[in-house]
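# A look at the structure
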2 protein chains.
Amino acid sequence: MTGPRRRVTQRDIARLSDVSQATVSLVLNNRLDGGVRIAEATRQRVLDAIRETGYVADPVARRMADQYNRIIGVFTYEPVFPSGARDFFHPFLLGLEEQAERLGCDLLLLTSAPVVDGRRRMFADGSRIRLADGCVLLGQEVDRDDLTRLVAEGVPFVSVGRRDDAGGPVPYVGADYPAATAALVRRAAELGHRSLAYVGRGEGPESYADRLRGFHAAAEEAGAAARRLPGAGSEALDAALADGVTALFLEEPADVPAVTAWAAARGLGVPADLSLVALGDPTRPVSIDLDVTGFTIPRREMGRQALDVFFALLKEAETDTQRLLTCEQHDGATLGPVL
Amino acid sequence: MTGPRRRVTQRDIARLSDVSQATVSLVLNNRLDGGVRIAEATRQRVLDAIRETGYVADPVARRMADQYNRIIGVFTYEPVFPSGARDFFHPFLLGLEEQAERLGCDLLLLTSAPVVDGRRRMFADGSRIRLADGCVLLGQEVDRDDLTRLVAEGVPFVSVGRRDDAGGPVPYVGADYPAATAALVRRAAELGHRSLAYVGRGEGPESYADRLRGFHAAAEEAGAAARRLPGAGSEALDAALADGVTALFLEEPADVPAVTAWAAARGLGVPADLSLVALGDPTRPVSIDLDVTGFTIPRREMGRQALDVFFALLKEAETDTQRLLTCEQHDGATLGPVL
DNA sequence: TCAAGATGATAATACGTATTATCATCTTGA
DNA sequence: TCAAGATGATAATACGTATTATCATCTTGA
């Protein structure tokens, strides 16, 4: 008595409650406009049948009829979630899931397998995004072409993390890296640091550029010397130290162990001889035994608000579609006064 | 002149190449069966139009015409993916995603079902599973009631990891823990070990029970003494050691650091004084500096094959719906001969 | 008593694709 | 010359939902 279980459809509900399919749809969507009316008794009969059968509208058919299906694609760009980055991205996902549950929508994984040169192009296939009402973008770097096309096609989407314009403004919920970085620079200046170094790329992903921008702006304002070291290599650090740098601002906190190892090798005390500041959370898993001063990215909250912005866009409601959230400053033990 | 551009449809192609929509579809799908034929010239005209316009079939409409919506729910039981377990579960997800891409379907996260006492019940909300064609189950432990209901309702589903019957056979793609464990026991016996200890629960999740079963069976066959220690506590280990145990089989490889710390404290060399075997991969992130002998769970492949089984079930094709995959043995440096 | 308005429901249609049954035309062979 | 088969294409329909135009019946008020 099995056989491939057919989906329960509105026709089934209609038959059960002795009305037409149209009526079922109207009850489901609670349409009151257009002058449509359903008697309360009928409505109840339909709702009962729905409850009994556990009927849910087929999201595909809903999309077909050009409707919302409350499914949101989550597109992640990191090449197959490089194992290291998982921990970093997880809080974002948690925020998304949490808010999705609250808003009663579902998340579709658009992270699908490796495609062209290790990276995924969003439009590589026939645009499965269309299955969903739109999508949320996650990842340090996002393909510019994809972004441009999303904007051009008017697909509702939100980026987790600020993005530069792409043929139009990109809706995002980002972290206020410039402000968070600047605040730490000011703290350092107050503590007497006159020569600071930013360690990292400072370009490429917006999040890097934003940090560096905040760094330079605040340093200039504070009248402190500022430089950038491309990486945490020993030679570069040695040179900076010899040149009078007293505080290092790490773009990538996962570099902390490398820097402390170098400091230990040189017999430098932190923060006695050198201060250390972490600009965010590590994107690679590392064990750090120091209580590093720096800031924390409100990842979970970013995930949550991303969905809020998404729904506002979908409903075309008024809202701030480019949000920068404040990072929490962490007062650790690695930023000290210059002795 | 913007506005969301209308999609190019088969009707457009049909008009352009002066054929019917049906012909376009037939050309696209290259149907040769059913006695349908398209003249080569016509075919080329249609293909040209497709090329010119960049037409791609709307995935939504495709699925609409199909009996299935090609959406597969991924249900995970771990309480919102407890942070430690993420690493462990990720390879399964990768396998699922990879195969989903290959099979042209999408994964819907069903991880956000209402959380009742820290855990999710699948049917708590009644019907979200019905959004999808069926689902894949992921997690160490699966709710028995949910399982029973899935079987009873005939929802197509596959468990990643073997499951005991639940009012009927449960389709699964699991790891062959008994065989993998037994192989290691035999190796130990060959190396002269006569008294072995299994460290762990050995019950609860099927994966634990399976390991213990394989352990006991192989030990008996090899004529070696076998016992089980509930955990890796120092007292238990001391007692076992005092009692002549020369090899420990760890159900949970994340316990390796605890055991090696204990061994170091007792001045025991591994494998000189004591052999160590890891029965699988750590479910919690730990850093292990030893090259531990043991086996690896084919997680990615399990994810992949789970989707294969799922589709076979969906299409009611003949297939082995209860698969146990072979674990890869890893010949490390912690299982040595008894001196 | 009857017209106008209110009420309640449905038939018809659209969305874009896939497939099957059917049809028209051409070719072949005796 | 004609029937049978081959060839090439299409009309019709299905998939499951949403919506609009339409219709039938009931109510109301003068």
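Relevant structure appears above.
Residues numbered from 1 in each chain as written. Chains lettered and ligands numbered in written order. Predicted model: local features only at pLDDT ≥ 70, side-chain atom pairs only at ≥ 80, totals over all residues. Heavy atoms only, no water.

Another point: the sheet that holds strand 8 (residues 195-199) of chain B. Residues and elements named next belong to chain B. Pairing within the open sheet is mixed, and its 6 strands lie in the order 9-8-10-11-12-14. Both outer strands of the open sheet, strand 9 (225-229) and strand 14 (328-330), are each paired with one neighbouring strand and no more. Strand-to-strand twist across the sheet, computed as the mean angle between neighbouring axes with direction ignored, equals 20 degrees. Across 4 bridges, the pairing between strand 8 and strand 10 (residues 247-250) is parallel. Paired with alanine 197 across the strands is leucine 248, a residue of strand 10. Taken strand by strand, helix 8 (residues 206-222) contacts strand 8, strand 9, strand 10, strand 11 (275-279) and strand 12 (293-296), and its axis lies near 175 degrees from that of strand 8. (Pairing = 2+ DSSP bridges. Helix = DSSP H or I, 4+ residues; strand = E, 2+ residues; numbered from the N terminus. Axes fitted to C-alpha atoms, helices over the stretch in contact; angles between N-to-C directions. Contact = heavy atoms within 4.5 Å.)

So, on to the packing of helix 7 (residues 177-190) of chain A against helix 8 (residues 206-222) of chain A. Residues and elements named next belong to chain A. Packing of helix 7 against helix 8 brings their axes to within 7 Å, and their N-to-C directions diverge by 35 degrees. Note on packing geometry: the crossing formed by helix 7 with helix 8 is right-handed. Taken together, the residues of helix 8 that come into contact with helix 7 (itself represented by Tyr177, Pro178, Thr181, Ala182, Val185 and Ala189) are Ser207, Asp210, Arg211, Arg213, Gly214, Phe215, Ala218, Ala219 and Ala222. Residues belonging to the contact of helix 7 with helix 8 are distributed by class as follows: 9 nonpolar, 3 polar and 3 charged. (Left-handed = near helix turned anticlockwise from the far one by under 90°. Nonpolar A, V, L, I, M, F, W, Y, C, P; charged D, E, K, R; others polar.)

We now examine the pairing of strand 10 of chain B. Here strand 10 of chain B shows two buried faces, one formed by B:Ala247 and B:Phe249 and the other by B:Leu248 and B:Leu250. Crossover connection from strand 10 of chain B via helix 10 (residues 256-265) of chain B to parallel strand 11 of chain B: handedness right-handed. (Buried < 20%, exposed > 50% of the residue type's maximum accessible area, 1.4 Å probe, protein only. Right-handed = clockwise from strand over helix to strand, strands pointing away.)

In the vicinity of DNA strand C, 26 residues are found, and the nearest of them are A:Thr23, A:Ala39, A:Thr42, B:Gln10 and B:Tyr55. Atoms of DNA strand C within 4 Å of the protein: sugar and phosphate make up 63%, bases the balance. Contact between DNA strand C and B:Gln10: a phosphate oxygen at 2.7 Å from a main-chain N or O atom of the residue. Contact distances for DNA strand C include 3.3 Å between a phosphate oxygen and a side-chain N or O atom of B:Arg62. The set of elements that each furnish at least two residues to the surface near DNA strand C consists of helix 2 (21-29) of chain A together with helix 2 (21-29) and helix 4 (59-65) of chain B. (Near = heavy atom within 4 Å. Polar contact = N/O pair within 3.5 Å; in protein donor to acceptor, adjacent residues only side chain to side chain.)

Before going further, it helps to examine the protein's contact with DNA strand D. Looking at DNA strand D, there are 28 residues lining it, with A:Tyr55, A:Arg62, B:Thr23, B:Ala39 and B:Thr42 nearest. Counting only atoms of DNA strand D within 4 Å of the protein, the fraction found in sugar and phosphate groups is 67%. Here B:Ser20 contributes a backbone N or O atom positioned 2.9 Å from a phosphate oxygen of DNA strand D. Between DNA strand D and the protein, one listed contact pairs a base oxygen with a backbone N or O atom of B:Ala65 at 3.4 Å. At the level of secondary structure, the elements contributing two or more residues to the surface near DNA strand D comprise helix 2 and helix 4 (59-64) of chain A together with helix 2 and helix 4 of chain B. Broken down by element, the residue count for the surface near DNA strand D peaks at 5 residues, all from helix 2 of chain A. In terms of residue class, the surface near DNA strand D is built from 15 nonpolar, 9 polar and 4 charged.

Okay, the environment of A:Ala240 next. Residues and elements named next belong to chain A. Structurally, alanine 240 is set in helix 9 (residues 234-242). The sequence separation of alanine 240 and arginine 228 amounts to 12 residues, and the corresponding C-alpha distance is 9.5 Å. For alanine 240, the residues in contact, after removing those within four places along its chain, are Arg227, Leu229 and Val245.

We now examine the nonpolar core. A:Leu196, A:Phe249, B:Leu196 and B:Phe249 are the most contacted members of the largest nonpolar core, which totals 93 residues. Excluding residues that lie within four positions of it along the chain, B:Leu196 makes contacts with B:Val185, B:Ala188, B:Phe215, B:Ala219, B:Ala224, B:Ala225, B:Ala226, B:Arg227, B:Val245, B:Ala247 and B:Phe249. Among the nonpolar cores identified, the runner-up in size contains 35 residues, and A:Leu150, B:Ala132, B:Phe157 and B:Val170 belong to it. (Core = buried A, V, L, I, M, F, W, Y, C linked by side-chain atoms within 4.5 Å.)

Keep in mind that these numbers describe shape and distance, not what the molecule does.
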